[in-house]
Number of protein chains: 2
Amino acid sequence: MTTPPPGLRERKKQATREALREAALRLAVERGPDQVRVEDIAEAAGVSPRTYNNYFASREQAIVSAVTADREARIAAAVAARPAGVHLADAVTEAVVEQYTNTSEREREALLLITTRTALRDAFLDATAGIEPPLTAVIAERLGEAGAHTARVLAASVAAVVRIALEGWLRPAGNAGAAGSFGAGGLLVPSGSLPDQLRAALAPLAPAFDAAERRTRP
Amino acid sequence: MTTPPPGLRERKKQATREALREAALRLAVERGPDQVRVEDIAEAAGVSPRTYNNYFASREQAIVSAVTADREARIAAAVAARPAGVHLADAVTEAVVEQYTNTSEREREALLLITTRTALRDAFLDATAGIEPPLTAVIAERLGEAGAHTARVLAASVAAVVRIALEGWLRPAGNAGAAGSFGAGGLLVPSGSLPDQLRAALAPLAPAFDAAERRTRP
DNA sequence: CAGGGAAATTGCGTGCACGCAAGTTTGCGC
DNA sequence: GCGCAAACTTGCGTGCACGCAATTTCCCTG
């Protein structure tokens, strides 16, 4: 139903994509992120620099995608895997937490690297937007035809909120951002563990999920 | 409490910023967006091309910001203006609708231009993220100290959802996006009026607002 | 298994974003 | 007024993203 047979063309494309990801990350770790030019990555992956840009729109994207690659698909799968009985809100929250917690050694190393450069951090955060489409699909499946529109909204919210959580998490101390017009109370969760951050951030959305669920299952 | 006296330095900076915005939009309208180089904009505003990039990170940003400039501040103000009695959800929804509906003639002309180029469309959509910080501030004000964290989450969700609505709105027909794995039902709201789109998109978030409001006002 | 049409790769050229290190302006305390 | 430190501007150089058009690679059909 999903994979007739991929065909050589598609397989080669995926192989190239992965080779680029891999090369980008490896080189970045070896030499430091600023000592890697796209030319190097392309060469290491055996393609022309121009082709590199057919796969990734920026140098940062390639490096970051080595970490975020299939998180999207895995989150969707993780939601789908939860029994249909549990609250949607819980299913989504746990699926997200799970996927951002099961980190391989290599992944942690990469994250360490990513935090050192603002451009990489931004690319990493932007990548969270990628979970939206698959999330939309699985949520829509649970809500049924009538809730397709709501699903999109909820998925977008989740993506935005996950981004917030990650943002807050990998902010060590350096700040001075655009927070601006706040009172005097800067005593908010400085930086807990990632799972906690994620759960806390997603919690306020739960009522929206519950309401949506209630509407389509009388 | 907010503006001691701006000082010459700051005023000059704002003037330059506005000059650049203005020049960018004007030239883009006159000649078409692709016939405007950064050099032209900078020259028209009386600064060096290098300085241009100290104000805007991309050519598109300058053009788009002529439209989105102070929407951020206005939305926050519009929320704050609503009487404290009304539901937060309603206050936010109406404030947003209001700000995206009061369009000047020049603004509509610009939007027409923006829709013609993908890069501009993307920049325009990205700009909606700018409403998040001020929204966070006003929502936090209504929720009180304890809800500061929730405010951030809700604001981010609103921003994400507004983006969705705009996206759906200025998509004429061309699509083939990354929607991907959907069943067979592609019969979702093709493209209503903008206010309707916004209201419909924000509706599913209402329960989250209500719950937040209930938690901090027993 | 041959050939045609579609998809992917590549080189080239253009404009752009941005770090860096002067040069210039503004604000402020004396 | 005077001068100094911080903020802003500018020119230069580098690497990069991407449109375009020519070429190569793959898949499908007869």
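Refer to the structure above for everything that follows.
Residues numbered from 1 in each chain as written. Chains lettered and ligands numbered in written order. Predicted model: local features only at pLDDT ≥ 70, side-chain atom pairs only at ≥ 80, totals over all residues. Heavy atoms only, no water.

Considering the interface of chain B and chain A
Inference 1: Counting from both sides, the interface comprises 29 residues of chain B and, opposite them, 29 residues of chain A.
Inference 2: At the boundary of chain B with chain A, total buried surface from both sides reaches about 2400 Å², with 73% on carbon and sulfur atoms.
Inference 3: Counting every contact that joins chain B to chain A gives two salt bridges.
Inference 4: Inspection of the region where chain B meets chain A yields two residue pairs in polar contact (both at pLDDT 80 or more).
Inference 5: Residue assignment for the side of chain B that touches chain A shows that the elements contributing at least two residues are helix 9 (132-143), helix 10 (148-169), helix 11 (194-202) and helix 12 (206-216) of chain B.
Inference 6: For the side of chain B that touches chain A, the class distribution of residues is 19 nonpolar, six polar and four charged. (Contact = heavy atoms within 4.5 Å. Buried area = accessible area lost by both parts, 1.4 Å probe. Salt bridge = Lys/Arg side-chain N within 4 Å of Asp/Glu carboxyl O. Polar contact = N/O pair within 3.5 Å; in protein donor to acceptor, adjacent residues only side chain to side chain. Helix = DSSP H or I, 4+ residues; strand = E, 2+ residues; numbered from the N terminus. Nonpolar A, V, L, I, M, F, W, Y, C, P; charged D, E, K, R; others polar.)

As for the protein's contact with DNA strand C
Inference 1: Near DNA strand C there are 20 residues, and of these A:Thr51, B:Arg9, B:Lys12, B:Arg50 and B:Ser58 occur at the shortest range.
Inference 2: By atom count, sugar and phosphate contribute 63% of the portion of DNA strand C lying within 4 Å of the protein.
Inference 3: B:Val38 is positioned with one of its backbone polar atoms (N or O) 2.9 Å from a phosphate oxygen of DNA strand C.
Inference 4: Here B:Arg50 contributes a side-chain N or O atom positioned 2.4 Å from a base oxygen of DNA strand C.
Inference 5: Of all the secondary structure elements, the ones that give two or more residues to the surface near DNA strand C are helix 1 (7-31) and helix 3 (49-55) of chain A together with helix 1 (7-31) and helix 3 (49-55) of chain B. (Near = heavy atom within 4 Å.)

Remarks on the pattern of salt bridges
Inference 1: Under the definition given, this model contains 28 salt bridges over all chains.
Inference 2: Residues A:Arg117 and A:Asp34 are paired through a salt bridge, measuring 2.9 Å at the closest nitrogen-oxygen approach. Placement of the pair is A:Arg117 in the loop between helix 7 (105-115) and helix 8 (118-127) and A:Asp34 in the loop between helix 1 and helix 2 (38-45), with a sequence separation of 83 residues.
Inference 3: According to the relative accessible area criterion, A:Arg117 is partly exposed, its value standing at 30%.
Inference 4: Judged by its relative accessible area of 47%, A:Asp34 is partly exposed.
Inference 5: Between B:Glu30 and B:Arg26 there is a salt bridge, and its shortest N-O distance comes to 3.2 Å. Note that B:Glu30 and B:Arg26 are positioned in helix 1 at a spacing of four residues, about one turn of the helix.
Inference 6: In this structure B:Glu30 comes out as exposed when scored by relative accessible area, which is 53%.
Inference 7: Each member of the salt-bridge network shares a partner with another, and the members are A:Asp126, A:Arg163, A:Glu167, B:Glu132 and B:Arg152. (Buried < 20%, exposed > 50% of the residue type's maximum accessible area, 1.4 Å probe, protein only.)

As for the relation of the copies chain B and chain A
Inference 1: For the match of chain B to chain A, the screw axis carries a shift of 0.0 Å, the RMSD comes to 0.1 Å, and the turn is 180°. Look at the turn and shift together and you get a two-fold axis relating the two.
Inference 2: Interface overlap between copies: 100% of the residues of chain B at the interface are likewise at the interface in chain A, consistent with a symmetric, same-surface contact. (Least-squares fit on C-alpha atoms with pLDDT ≥ 70 in both.)

So, the nonpolar core
Inference 1: Counting residues in hydrophobic clusters, the biggest one holds 124 residues, and the most contacted among them are A:Ile139 and B:Ile139.
Inference 2: Excluding its chain neighbours within four sequence positions, the residues that come into contact with B:Ile139 are B:Leu88, B:Ala151, B:Leu154, B:Ala155 and B:Phe209.
Inference 3: Within the second largest apolar cluster, six residues are counted, among which are A:Ala160, B:Ala156, B:Ala160 and B:Ile164. (Core = buried A, V, L, I, M, F, W, Y, C linked by side-chain atoms within 4.5 Å.)

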